[in-house]
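The primary structure of each chain is shown beneath.
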Amino acid sequence: MVDAITEFVVGKIDNYLIEEAPMLIGVKDDLEELKTELTCIQVYLKDVEVCDKEDEVSKEWTMVLDIAYDVEDVLDTYFLKLEKRLHRLGLMRLTNIISDKKDAYNILDDIKTLKRRTLDVTRKLEMYGIGNFNEHRVVASTSRVREVRRARSDDQEERVVGLADDAKVLLTKLLDDDGDNKTYMISIFGMEGLGKTSLARKLFNSSDVKESFEYRVWTNVSGECNTRDILMRIISSLEETSEGELEKMAQQELEVYLHDILQEKRYLVVVDDIWESEALESLKRALPCSYQGSRVIITTSIRDVAEGTDKRVYTHNIRFLTFKESWNLFEKKAFRYILKVDQELQKIGKEMVQKCGGLPRTTVVLAGLMSRKKPNEWNDVWSSLRVKDDNIHVSSLFDLSFKDMGHELKLCFLYLSVFPEDYEVDVEKLIQLLVAEGFIQEDKEMTMEDVARYYIEDLVDISLVEVVKRKKGKLMSFRIHDLVREFTIKKSKELNFVNVYDQQHSSTTSRREVVHHLMDDNYLCDRRVNTQMRSFLFFGKRRSDITYVETITLKLKLLRVLNLGGLHFICQGYSPWSLPDVIGGLVHLRYLGIADTVVNNLPDFISNLRFLQTLDASGNSFERMTDLSNLTSLRHLTGRFIGELLIGDAVNLQTLRSISSYSWSKLKHELLINLRDLEIYEFHILNDQIKVPLDLVSLSKLKNLRVLKIEVVSFSLFSEETVRFELLVKLTLHCDVRRLPRDMDLIFPSLESLTLVTNLQEDPMPTLQKLQRLENLVLYSCVYPGAKMFINAQGFGRLRKLKVIIKRLDELEIEEEAMPCLMKLNLDNKDGATKLMIPDRMRAFV
């Protein structure tokens, strides 16, 4: 387990040795030796973990963990001081020279001390004799072996196995409209791992259910959640209500308030994982059953809660899987990479499945684990799992899966402990966080973001996370099962990797702290935190009343990740729509999350954050000029940039959402060669500002562009390499061009997703259908005076989703052979105004 942290720190030493070599003269040799010793210990500890002998060296691996963290602190602190001196001028330079020499001596002493501590651990480890320690030294000195990346099969969404009949029965109960309100509550009962939540979510997301219920609410009952919390969560999901007002209400008042909201409405409320009978009785009082068709679903593992005497509750017991169902579930996943499955493998597999006890969760995790094993390894795994009478416990499978992971995948898996219970994890945001943390190493063939996405898909592949949403086959979001989350939290605590803030146990030496609920507005200014912390994240639920934080004194100089989305700041000397000046001192910062903070101005000190990779300011608008020209490491930038946006060397920039057409016209587009995701809007700024239509030719330089959203009234087709006089003339001539260029396929060779919100003068389909890689097309709120749109038989060879919402469209014709990959067709034609001439196979998608 410690090997993951140790290898991460070794990688960090490597990066410093390569990128900051001139600054390490005099200590380079000692640092190389320290790296070698840590590397061979890391390989040794990996062997210890595989041999299940961790307990024998538990004291020593704790010492190794301390050394690894101390190495990280020494290096980061040293380079923090160097970074500060780079900004000193004039008379301060002499002080710099003296300070540089002093720090050089200090880091030399620190590294020598760390070397002695490491060698001491090495000697102690040798006495345990698990393998040959010198062999590990030889292995450690060789180049890093790249993990074999298997070709991933097509989407492998987790299915609700063995519950098809249950889903049909319960769907009938939900949609039964005979006026019988005696069974308005459905209780899904069963032990952990049987699929209660999966079944409830399948019902909740059913298209029939979505159409039948005016209001749908899902709430999860966490371990700390009380009855008042459940009521407040449901109310907050239904309407914008001040949380402060709700806090003042007694439980009985909340019940009455919720009852009044839902009275005479057709609703579905799902309460997942309820434990207390008192909470159930409160829900019965609060959720009215007088209106025909309203329903409540609860899931529970407590029989007394599930089987109440109330006749209004229908209790549905989830059965265990039969052996046949378990075996079908197992073999589809476990054997997918094995070309020939012999009788011995089948025998071992069936013995293991028998010990899963009919639990779907245990079975799929076992299948995911075995899918990564070679045939000659199956017997060893079964020997380590073999139990005489008891069934296999899923936690032992988590442990084996964890041990099988490489160090980068282990870090990604442990990082899932930062997310709240039942949280829908946004994959794009997680990827940005993992890269910012430094967990993902550069790869010659892929970007760091692509590598991180591969690791997340690995977690899906071995059934440790549950897919929620895919788009164009790409994983967009997932959830973590409660049992998996408990495992990651336990491991993270052991490693001082993540601490989930708790008012009762506030002190921590952890590298990362996460807050799920802001108990006190003064939390961030009163908090005494670990000064060696690398990440601080706030994932609290958005409050309908504004949460103002008086000030921030989080002087965490080594911080790499700061996520404060949803908080609002009152800063001394600044407007309440600015950022606290303390952030300007966090020069190690790689990720800054300030989404939905009503910040409308980025202060000058933002230029200090020259290592910043992600700036997430989504939900905020910036009308004045925003100067990010010093942020040359920036990879992802989100926000609403209306005024001029200054970007310097933007060769690393991959995401830019969203920018006004005026601001876009000012950028050096030839520098944006790695841009993948772009949104451009037409904003109205100042009255005296020239209205600049979007020049589509300027986008031709973005050869790596994958996702594009354009929302403009009109656009033009001229080159931007013109002097201002020529530009003004061409603006006059071309400001009302509303046709797409004929060579769209040459302008956008890599485009996979396109959203257009604009006015059109002619049918765009002949042009758009030539985009070879396009998988998702949305024409939304477009004005098109033409009578007809036509897609020919060769059109849109890869398109999976087409959404067309166009005013005054008389006819849409699609030839039979067109769009062979289409999976979803969304047409705004409820009134039948548009004549549809489409293949029969597509009518099922409409």
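Our subject is the structure that appears above.
Residues numbered from 1 in each chain as written. Predicted model: local features only at pLDDT ≥ 70, side-chain atom pairs only at ≥ 80, totals over all residues. Heavy atoms only, no water.

K.L.:
Even after reading the chapter, I still don't get the overall build of the protein chain, so can you show me in this structure?
P.N.:
Within the protein chain, the regular secondary structure consists of 28 helices and 31 strands. The burial tally for the protein chain puts 53% of its 846 residues in the buried class. In the protein chain, once contacts between residues fewer than 6 apart in sequence are set aside, the share between residues at least 24 apart is 62%. Accessible surface computed for the protein chain: about 39,000 Å², of which carbon and sulfur atoms make up 49%. (Helix = DSSP H or I, 4+ residues; strand = E, 2+ residues; numbered from the N terminus. Buried < 20%, exposed > 50% of the residue type's maximum accessible area, 1.4 Å probe, protein only. Contact = heavy atoms within 4.5 Å. Areas by Shrake-Rupley, 256 points an atom, 1.4 Å probe, with all protein chains shown as cover.)

K.L.:
What am I meant to see in the environment of L756 here?
P.N.:
Its place among the elements puts L756 in strand β25 (residues 753-757). C-alpha separation for the pair L756 and C782, spaced 26 residues apart in sequence, amounts to 7.6 Å. Those residues in contact with L756 that lie beyond four places of it in its chain are I710, L740, L768, V778, L779, Y780 and C782.

K.L.:
Please explain helix α17 (residues 378-385) as it appears in this structure.
P.N.:
Considered for burial, the residues of α17 that qualify are W378, V381, W382 and L385. The buried residues of α17 all sit within an arc of 95° when viewed along its axis, so they share a single face. (Arc of directions from axis to C-beta.)

K.L.:
What is the right way to read the packing of aromatic side chains from this model?
P.N.:
This model, assessed by the stated rule, comprises 17 aromatic pairs. Residues Y415 and F439 carry aromatic rings whose centres are separated by 5.8 Å and whose planes lie at 80° to one another, so their mutual orientation is edge-to-face. In this pair, Y415 is assigned in helix α19 (residues 407-415) and F439 in the loop between α20 (427-437) and α21 (448-461), connecting sequence segments 24 residues apart. Here the two residues Y415 and F439 agree in accessibility, since each one is buried. Taking the centre distance of 5.5 Å and the plane angle of 15° together, the rings of F419 and Y423 count as stacked. A network of ring pairs unites the aromatic residues W327, F330, F335 and W378 as a single cluster. Lying over the aromatic face of F204, R216 brings its terminal NZ or CZ to 4.3 Å of the ring centre. (Phe/Tyr/Trp six-rings, centres within 6.5 Å; stacked < 30°, edge-to-face > 60°. Lys NZ or Arg CZ within 6 Å of the ring centre and 35° of its normal.)

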